[in-house]
Amino acid sequence: MIAEILATGDEIRSGAVVDSNSAFIARRLEEEGITVTRHSCVGDDRDSLAAILTEMAGRSDLAVVTGGLGPTADDITAEAAALAAGVELATDAAALASLEAFFQKRRRLFSPSNRKQALLPRGAVCIPNPIGTAPGFRILLGRCVVFFLPGVPHEMRFMLSEQVLPMMRRLQGREGAGGGRLTVTTFGMTEAAVGEKMIGFESDFPQLRLGLCATFPEIQVRISAPGGEAAVAGQALEQAQGWIRERLARHVLSFEGKSMAEVLGSLLRQKKATLGVAESCSGGLLADLLTDVSGSSDYFLFSAVTYSNRAKVEVLGVKAHTIERFGAVHEATAAQRAAGARRVCGAEYGISTTGIAGPTGGTPDKPVGTVCIGLAGPFGTTSRRYQFCFDNRRMHKKIFAYAAMDLLRRRLLESLKLNKLNKFNKLA
């Protein structure tokens, strides 16, 4: 099957808002073995939108359209779809029920303007939206099945994953299939380096598709098994996992697409361990990433962003003479800050960051991009210095936070392996 994607809205057309929806949809469809042949964009003009819908329907088996399903006058996607289909708009009972349920659950007033969102092309099939006010819908234009979804990214993603993709699988005769795929998250290598490590994959696994996606500073390797028998695809993906593990080794974070913070959280939970952090150059970003994971309260206890030397001494217990002798950006200072974070909150582990994010503040001995990371735990206290060289302050802050998480991740993996070895030796 081939598909097209259409993003609507003047804000998308003008570049005022970046279209992340189309990229997400394309990626998910390709993972399902559906070939995406074209991305299009059109503003809030009913006739233009109707015309491009007709064009898409003449070329494709499937289409996904996002945006223009809101309650305001410029939300004209449903009108354009009705025009392209040659039908009238009518109040859809399922769409109206979806809207009423949304407002009732949140104890909000169901305004007359929202009732407009229940007007769908006659004959359309409603796609309920349990997390927003805009129901989606599905219509048939010629031989093309067109899915209309809201433009709000988190609503679109939920509806695509939970409702639209299962519908597409049924259309492909793959009901219940999961669209065999493997998402490998890596850290510590550039996209080019990961690509070099993956040379030979296509020849070894001709039945699988390979793609790389860089979301700084993580690189994802995405493998999909389009079509074919589920058992055969599953076996190929399992073999591919071993192939990738051998080549990317310690840089692999997850084979389930999990982020660094999710992986670290899982390891801490597995060890029933807790964590406190002390930051300066990362400015709270490390704590933000860690606590962005649902359930992080199981292991995350404390965060302190201490920029001034006085705060480092009075809050974390860093020795004043350490800073006087070595400076704020030094392995010794980082180690004492990590130990202080651990001590203050009573956590099993403490990590710290201290560095120079730039663009100013660098010296010949400590250039911009220098970071010292401290790690404290049952094993004692240690620290490491890293040198990065990126284009802006934000990238440095993010790589500093990731490097800190990675240092603890590797320590936890070593600890878990040691525990397994000790158990094995006792059994032997």
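See the structure printed just above.
Residues numbered from 1 in each chain as written. Predicted model: local features only at pLDDT ≥ 70, side-chain atom pairs only at ≥ 80, totals over all residues. Heavy atoms only, no water.

*Asks:* Summarise the sheet that holds strand E17 (residues 380-387); cite the residues concerned and give the values.
*Replies:* Each strand in a sheet pairs with its neighbour through backbone hydrogen bonds, running either in the same direction (parallel) or in the opposite one (antiparallel). An order of E14-E13-E15-E16-E17 is seen for the five strands of this open sheet, with the pairing classed as mixed. Since the sheet does not close on itself, it has two edges, and those belong to strand E14 (300-305) and E17, each with one partner. Neighbour-to-neighbour, the strand axes of this sheet turn through a mean angle of 15°, independent of strand direction. Pairing analysis gives five bridges linking strand E13 (residues 275-279) to E14, with the strands arranged parallel. The residue of E14 that forms the bridge with Ala-278 is Ala-304. (Pairing = 2+ DSSP bridges. Helix = DSSP H or I, 4+ residues; strand = E, 2+ residues; numbered from the N terminus. Axes fitted to C-alpha atoms, helices over the stretch in contact; angles between N-to-C directions.)

*Asks:* Before we move on, can you summarise the pattern of salt bridges with the specific residues and values?
*Replies:* A full pass over the atoms with the stated rule returns 13 salt bridges. Across the salt bridge formed by Arg-181 and Glu-32, the nearest N and O atoms sit 3.2 Å from each other. Of this pair, Arg-181 sits in strand E9 (residues 181-187) while Glu-32 sits in the loop between helix H2 (21-31) and strand E2 (35-42); the two residues are 149 residues apart in sequence, bridging distant segments of the chain. We classify Glu-32 as buried; its relative accessible area is 3%. A salt bridge links Arg-46 to Asp-47; the nearest nitrogen and oxygen atoms lie 3.8 Å apart. (Salt bridge = Lys/Arg side-chain N within 4 Å of Asp/Glu carboxyl O. Buried < 20%, exposed > 50% of the residue type's maximum accessible area, 1.4 Å probe, protein only.)

*Asks:* How would you summarise the sheet that holds strand E11 (residues 218-224) if you had to cite specific residues and measurements?
*Replies:* What the four strands build is an open sheet, ordered E10-E11-E9-E12; its pairing is antiparallel. Each edge of the open sheet carries a strand with a single partner, namely strand E10 (209-215) and strand E12 (252-254). If you compare each strand with its neighbour and ignore which way they point, the axes differ by 30° on average. Relative to E11, E10 is paired through seven bridges, and the arrangement is antiparallel. Within E11, the residue paired with Ala-214 across the bridge is Ile-219. Sheet strands in contact with H2 are E9, E10 and E11, and its direction is about 40° off that of E11. (Contact = heavy atoms within 4.5 Å.)

None of the figures reported here should be taken as evidence of function without further support.
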